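Each chain is listed here by its residues.
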Amino acid sequence: MSNEALLKRSLQAVWHPCTQMKQHEHLPLVPMQSGEGVWLKDADGKRYLDAVSSWWVNIFGHNNPRIKDAIKQQLDTLEHVMLAGFTHAPVVELSEKLAVLTGLGHAFYASDGASATEIALKMSFHYWRNSEKEAKNKFISLQNSYHGETLGSLGVTDVAIFKDTYAALLTQSAKMPSPDFRLAETGESAEDFALRCAKELEDYLAQHHHELAAFIIEPLVQCAAGMGMYHPVYLKRAREICSQYGVHLIADEIAVGFGRTGTMFACEQSDIKPDFICLSKGITGGYLPLSAVLTTDDVYAAFYDDSTAKAFLHSHSYTGNPLACSAALATLAIFETDDVINKNKQTAAIINDKMKVLTDLPIKHLRNQGMIFAFDVKTEQTTFANTFYQQSLEHGLLLRPIGKTVYFMPPYVINETEIDFLVQTTKLSIEASL
Ligand SMILES: *Cc1c(COP(=O)(O)O)cnc(C)c1O
């Protein structure tokens with residue numbers, strides 16, 4: 001089939017995500033055919049460096065032999081079985097490993113990130129109900145937060161373009177000041193600003209704790225808000241304040257987990273343990289949809305009862321899918337055998353060093369956290385994101401700026417030559433988009 005025919009059929013048959021479909025009248029879809037490492041190859045054989053890890057999921061490259069082999073092996077034994085009433089080795093092994101890594105347990109599975117945040121919110125709410133504290137039924141989150149697109153997760157999200165249309169359907173939740181250090185006063189340090197925001201959180205909890213079930217937060221980086229980074233002291237304070245006032249802390253590590261911020265999980269950098277952790281995206285190395293919520297023994301115990309109504313009666317058809325679990329196990333094995341967290345430190349140092357050439361351009365807030373790199377472009381062009389996207393795509397680079405924020409979230413396997421290409425092509429594409 002010709003490319004042209006495929007694109008036409010795609011536009012007729014497929015409703016693409018996060019897209020005004022009419023824009024494809026002039027902006028063609030890119031038909032992808034294969035992938036290898038950090039590269040994607042389209043139907044004409046043109047290569048694109050996947051510098052956003054295919055929406056932040058692909059951490060060890062495309063066509064990764066180890067993850068692929070693990071799925072193939074699992075495919076020969078058991079592809080799927082329902083997880084109510086049944087179990088299997090991959091889900092047990094994965095749950096045990098995630099418990100060791102997070103310090104939490106009782107892994108509950110779903111297939112995507114938004115479902116994981118829904119599960120954590122529902123579990124927290126239900127915990128207070130089971131504990132005869134029905135009044136604790138509200139959630140709070142940060143200004144500029146992003147927790148997914150389903151109705152429950154949009155209720156704690158604060159990105160107007162995704163949320164406002166559906167306002168009438170959503171359970172509204174209060175938003176706490178974001179410690180994103182771009183919002184600090186001139187001369188105020190990131191740490192002082194984080195502490196100032198934490199103080200406002202504390203004041204809010206002091207007043208409202210009796211009606212609050214949980215505070216949900218993206219640890220260290222508010223990714224969808226344009227890679228808003230903040231000082232780890234905020235998380236530390238948030239944990240202390242939530243504990244003091246009996247409010248759950250839900251860590252949404254869907255984007256930042258699995259090494260993205262420089263440690264296996266971002267919470268480690270503040271040395272805190274949340275009451276719930278939500279995981280997805282990198283968990284299968286970008287191979288299969290899987291998400292998980294882990295929690296404390298205390299939360300689990302509140303549901304453990306002779307009463308069915310006290311149980312967590314939530315489910316998804318593909319809960320704990322064995323193929324997805326086997327991909328996750330292979331992903332975790334790579335972290336162990338390849339000393340990934342330490343190697344990423346060297347890779348990040350190289351990327352930071354090479355990014356210095358970008359400081360000649362009109363940019364501000366050049367920032368880095370682990371394997372996330374971002375800066376904001378000073379431009380009057382309201383169409384900057386689109387122009388830049390098309391410019392970089394033309395040159396074989398896949399980047400999707402968020403507004404005027406350009407960010408790199410590359411697969412961890414990116415090498416020095418590829419980093420050179422990434423930085424140089426970014427430079428060219430910015431110059432052509434100002
Ligand atoms: C992507 C993301 C989600 C939603 O995950 P989906 O798999 O897209 O539903 C939730 N929270 C954060 C922080 C995310 O980055």
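What this report covers is the structure whose coordinates are included nearby. Note that the structure is predicted; figures quoted are calculated from it, not measured. (Residues numbered from 1 in each chain as written. Predicted model: local features only at pLDDT ≥ 70, side-chain atom pairs only at ≥ 80, totals over all residues. Heavy atoms only, no water.)

## Points about the overall build of the chain
For step 1, the next point in the chain: A count of helical and extended segments in the chain gives 14 helices and 16 strands.
For step 2, the next point in the chain: Relative to its length of 434 residues, the chain is compact, with a C-alpha radius of gyration of 22 Å against a globular reference of 22 Å.
For step 3, the next point in the chain: Structurally, the chain occupies a C-alpha span of about 60 × 60 × 45 Å along its principal axes.
For step 4, the next point in the chain: Burial statistics for the chain: of 434 residues in total, 51% are counted as buried.
For step 5, the next point in the chain: When contacts within the chain are restricted to residue pairs at least 6 apart in sequence, long-range pairs at least 24 apart make up 71% of them.
For step 6, the next point in the chain: Only carbon and sulfur atoms are counted for the fraction: they give 53% of the accessible area of the chain, which is about 19,800 Å². (Helix = DSSP H or I, 4+ residues; strand = E, 2+ residues; numbered from the N terminus. Rg over C-alpha atoms; globule rule 2.2 N^0.38 Å. Buried < 20%, exposed > 50% of the residue type's maximum accessible area, 1.4 Å probe, protein only. Contact = heavy atoms within 4.5 Å. Areas by Shrake-Rupley, 256 points an atom, 1.4 Å probe, with all protein chains shown as cover.)

## Some words on the sheet that holds strand β16 (residues 405-408)
For step 1, the next point in the chain: The 3 strands lie next to each other as β13-β14-β16, forming an open sheet whose pairing is antiparallel. The two strands at the open ends of the sheet, each matched to only one other strand, are β13 (363-369) and β16. Shown here is a sheet whose adjacent strand axes are inclined to one another by a mean of 15 degrees, direction ignored.
For step 2, the next point in the chain: Summarising the sheet, β13 and strand β14 (residues 372-377) pair through 5 bridges and their orientation is antiparallel. Residue pairing in the sheet places Lys-364 in a bridge with Asp-376 of β14. (Pairing = 2+ DSSP bridges. Axes fitted to C-alpha atoms, helices over the stretch in contact; angles between N-to-C directions.)

## Here we look at the sheet that holds strand β10 (residues 248-252)
For step 1, the next point in the chain: With mixed pairing, 7 strands are arranged side by side in an open sheet as β4-β12-β11-β10-β7-β5-β6. The strands lining the two open edges of the sheet, one partner per strand, are β4 (105-110) and β6 (174-176). Between one strand axis and the next, the sheet turns by 25 degrees as a mean value, whatever way the strands run.
For step 2, the next point in the chain: Where strand β5 (residues 138-142) meets β6, 3 bridges bridge the pair, whose relative direction is parallel. Counted as the bridge partner of Leu-142 is Met-176 from β6.

## Topic: the site of the ligand
For step 1, the next point in the chain: Near the ligand the following residues occur: Trp-56, Asp-112, Gly-113, Ala-114, Tyr-146, His-147, Gly-148, Glu-218, Asp-252, Ile-254, Ala-255 and Lys-281.
For step 2, the next point in the chain: Backbone polar atom of Gly-113 to an oxygen atom of the ligand: 2.7 Å apart, as the coordinates give it.
For step 3, the next point in the chain: Within the contact set of the ligand, a nitrogen atom lies 2.7 Å away from a side-chain nitrogen or oxygen of Asp-252.
For step 4, the next point in the chain: Considered on its own, the ligand offers 380 Å² of accessible surface; in the complex 82% of this is hidden by protein.
For step 5, the next point in the chain: Class assignment of the residues belonging to the shell around the ligand gives a composition of 5 nonpolar, 3 polar and 4 charged. (Near = heavy atom within 4 Å. Polar contact = N/O pair within 3.5 Å; in protein donor to acceptor, adjacent residues only side chain to side chain. Nonpolar A, V, L, I, M, F, W, Y, C, P; charged D, E, K, R; others polar.)

## Some remarks on the packing of aromatic side chains
For step 1, the next point in the chain: The final tally for this structure, using the stated rule, is 13 aromatic pairs.
For step 2, the next point in the chain: On the numbers, 5.1 Å between centres and 65 degrees between planes, the contact of Phe-60 with Phe-335 is edge-to-face. Taken together, the positions of Phe-60 in the loop between α2 (53-56) and α3 (65-75) and Phe-335 in helix α11 (residues 322-337) put the pair 275 residues apart, joining distant regions of the chain. With respect to class, Phe-60 is no different from Phe-335; both count as buried.
For step 3, the next point in the chain: Aromatic pair Phe-335 and Tyr-412: ring centres 6.4 Å apart, planes at 75 degrees, arrangement edge-to-face. Of the two residues, Phe-335 sits in helix α11 while Tyr-412 sits in the loop between β16 and α14 (416-431), which places them 77 residues apart along the sequence.
For step 4, the next point in the chain: Classification of Phe-335 by relative accessible area gives buried; the value is 9%.
For step 5, the next point in the chain: By the ring-pair criterion, three or more aromatic residues cluster together here, those being Phe-60, Phe-335 and Tyr-412.
For step 6, the next point in the chain: When the ring centre of Trp-39 is taken as origin, the NZ or CZ atom of Arg-47, which lies over that ring, is 4.0 Å away.
For step 7, the next point in the chain: Residue placement shows Lys-136 over the ring face of Trp-128; its charged tip is 4.6 Å from the ring centre. (Phe/Tyr/Trp six-rings, centres within 6.5 Å; stacked < 30°, edge-to-face > 60°. Lys NZ or Arg CZ within 6 Å of the ring centre and 35° of its normal.)

## Looking at the nonpolar core
For step 1, the next point in the chain: Counting 103 residues, the largest nonpolar core has Leu-98, Phe-215, Met-227, Tyr-234, Phe-258 and Phe-408 as the members making the most contacts within it.
For step 2, the next point in the chain: Take this core: its biggest share by element is 10 residues, from α11.
For step 3, the next point in the chain: Here this core spans two domains, since at least three of its residues come from each of domain 1 (31-63 + 339-433) and domain 2 (67-338).
For step 4, the next point in the chain: With residues up to four places along the chain from it excluded, the contact list for Phe-408 reads Ala-51, Ile-351, Met-355, Leu-358, Met-371, Ile-372, Phe-373, Leu-399, Leu-422, Val-423 and Thr-426.
For step 5, the next point in the chain: Among the nonpolar cores identified, the runner-up in size contains 23 residues, and Trp-128, Ala-214, Cys-278 and Val-299 belong to it. (Core = buried A, V, L, I, M, F, W, Y, C linked by side-chain atoms within 4.5 Å. Domains from an automatic or database assignment.)

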